[in-house]
Amino acid sequence: MNRLSRFLLAALIACVTGPGTLIAQDVARPDTAGADSVDVPVTAKAAGDSAKPVIAFGAYVDTYFAWDFGQPDAFDRPFTTQPARHDEFNVNLAFVEAKLTAEKVRGRVALQAGTSVQANYLGEPHVGVVSGPDLSRIIQEAWAGVRVAKGLWVDAGIYFSPIGWESWISWDNPTYTRSLLADYTPYFVTGVRAVWTASPKVTAQAQVVNGWQIVSENNPDKSVIARVDWQATKALTLAYATYAGNEQLDSLPSRTRFYNQLLAKVVAGGGWEFWGTFDVGVQTVPDSSSQAWYGAVVIARKALTGALAVVGRLEGHSDRDQVLIITGTPDGFRTIGGSIGVDVQPSDYLKWRTELRGFSSSDPVWPSDGAPAGSESGGFIVTSLSLRF
């Protein structure tokens, strides 16, 4: 490239980016199992030495092959969003993103596709002409934020839910597949949130949202979410999350949902990490009675080397009243399960994860010899190769 070409290229970049703007490649992504993407990664130099805005672009693709032991004829797997398909090579989740962070502003826009997206947005309401899943499922996040005081941010738009440890992005989770508890609590919400870093050990947030994992509104009511995180010690993190709101269409009688969740994470010695979650929900019904569900999950992960780890999970989910999971059976969805997995990460950009997972239920709700239901037990094996940059 001659001097004139280099000069013209530099002038073009200066015109596009403008003075005082830094464009950075977001390549440093720590594995943190959290549901909320409040913090926007920045390069250390830009964050520590200047107040210049940082714009980071990235992409992610998670490919997989899964085999369901019940071999459902239509290839759709029931009850979990990941993996969503049996006996085929497919893409679980792919997205492209742009993030901005500065001293007083921040935001993220990410567009997505994949079989988990198809499965997770089936409940998106279609009320009116300009709502529904066709557009909503493409938008993973689209939010903008402003710092209104020291340690206090206000963000608005579509963003990841603060409920649970497990993120919508499987790369960030201790297990490849998400627990039943995570699959039946919101991965995303639409609204406005205030996030306050009260101290280096305590973070609190409050939100007003359209509803339980929806983009478009389905009734005139709004819902509220709150969460508090406490870094009790270097090894122990505790958190509490709560949700309250009416989850029925405007044409139906109101049913107020109250949800509570306790979380704990322990970073032990020798490469061990543990996550624990317990939740309970209650929903009122028109005859003044109530319906309830509850669940729990414990995950243990052991790093064997810098590139190799093993992980195990035990979980239980009881929704006898079929508030979240409709089976049409006498006992509803009352299930215990477990999984074991092996993770191999040869580089910062690539992960290969394999997981074997099984379930046992009180009713025959799992696929059996091709039929959509008929067995009290179910399970699958899945292997995934994912790239993030």
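Residues numbered from 1 in each chain as written. Predicted model: local features only at pLDDT ≥ 70, side-chain atom pairs only at ≥ 80, totals over all residues. Heavy atoms only, no water.

(A) Just the overall build of the chain, in detail. Looking only at helices and strands, one finds five helices and 19 strands in the chain. Considering the chain as a whole, with its 389 residues, one finds that 47% of them fall into the buried category. For the chain, restricting intrachain contacts to residue pairs at least 6 apart in sequence, the fraction spanning at least 24 positions comes to 59%. Within the structure as shown, the chain displays about 18,100 Å² of accessible surface, and the carbon and sulfur contribution to it stands at 65%. (Helix = DSSP H or I, 4+ residues; strand = E, 2+ residues; numbered from the N terminus. Buried < 20%, exposed > 50% of the residue type's maximum accessible area, 1.4 Å probe, protein only. Contact = heavy atoms within 4.5 Å. Areas by Shrake-Rupley, 256 points an atom, 1.4 Å probe, with all protein chains shown as cover.)

(B) A look at unusual backbone geometry. Cis rather than trans, the peptide bond between Gln82 and Pro83 has omega equal to -5°. Among the secondary structure elements, Pro83 is positioned in the loop between strand 2 (54–68) and strand 3 (89–101). Although it is not a glycine, Phe79 adopts a positive phi angle of roughly 75°. Relative to the assigned elements, Phe79 resides in the loop between strand 2 and strand 3. In this structure Phe79 comes out as buried when scored by relative accessible area, which is 17%. A positive phi angle, close to 50°, is found at Asp369, a residue other than glycine. Residue position: Asp369 is located in the loop between strand 17 (366–368) and strand 18 (371–375).

(C) Here's a closer look at the environment of Val146. Its place among the elements puts Val146 in strand 5 (residues 139–149). Each C-alpha atom, one on Val146 and one on Lys104, is 5.6 Å from the other, the two residues being 42 residues apart in sequence. Excluding anything up to four places from it in sequence, Val146 contacts Lys104, Leu152, Trp153, Val154 and Asp155.

(D) Region of interest: the nonpolar core. Counting residues in each nonpolar core, the largest one holds 33 residues, and the members touching the most others are Phe79, Tyr243, Tyr259, Leu324 and Phe333. Secondary structure elements with two or more residues in this core: strand 2, helix 5 (180–183), strand 10 (236–246), strand 11 (256–267), strand 13 (290–303) and strand 19 (377–388). Of the residues forming this core, the biggest block, three residues, is contributed by strand 13. Those residues in contact with Phe79 that lie beyond four places of it in its chain are Leu180, Asp183, Tyr184, Ile325, Thr327, Phe333, Val365 and Trp366. (Core = buried A, V, L, I, M, F, W, Y, C linked by side-chain atoms within 4.5 Å.)

(E) Inspection of the pattern of salt bridges at higher detail. Applying the stated rule across the entire model yields 18 salt bridges. A salt bridge links Arg227 to Asp229; the nearest nitrogen and oxygen atoms lie 2.7 Å apart. This pair shows no difference in class: Arg227 is buried, exactly as Asp229 is. Among the charged side chains, a network of salt bridges with common partners joins Asp76, Arg85 and Glu88. (Salt bridge = Lys/Arg side-chain N within 4 Å of Asp/Glu carboxyl O.)

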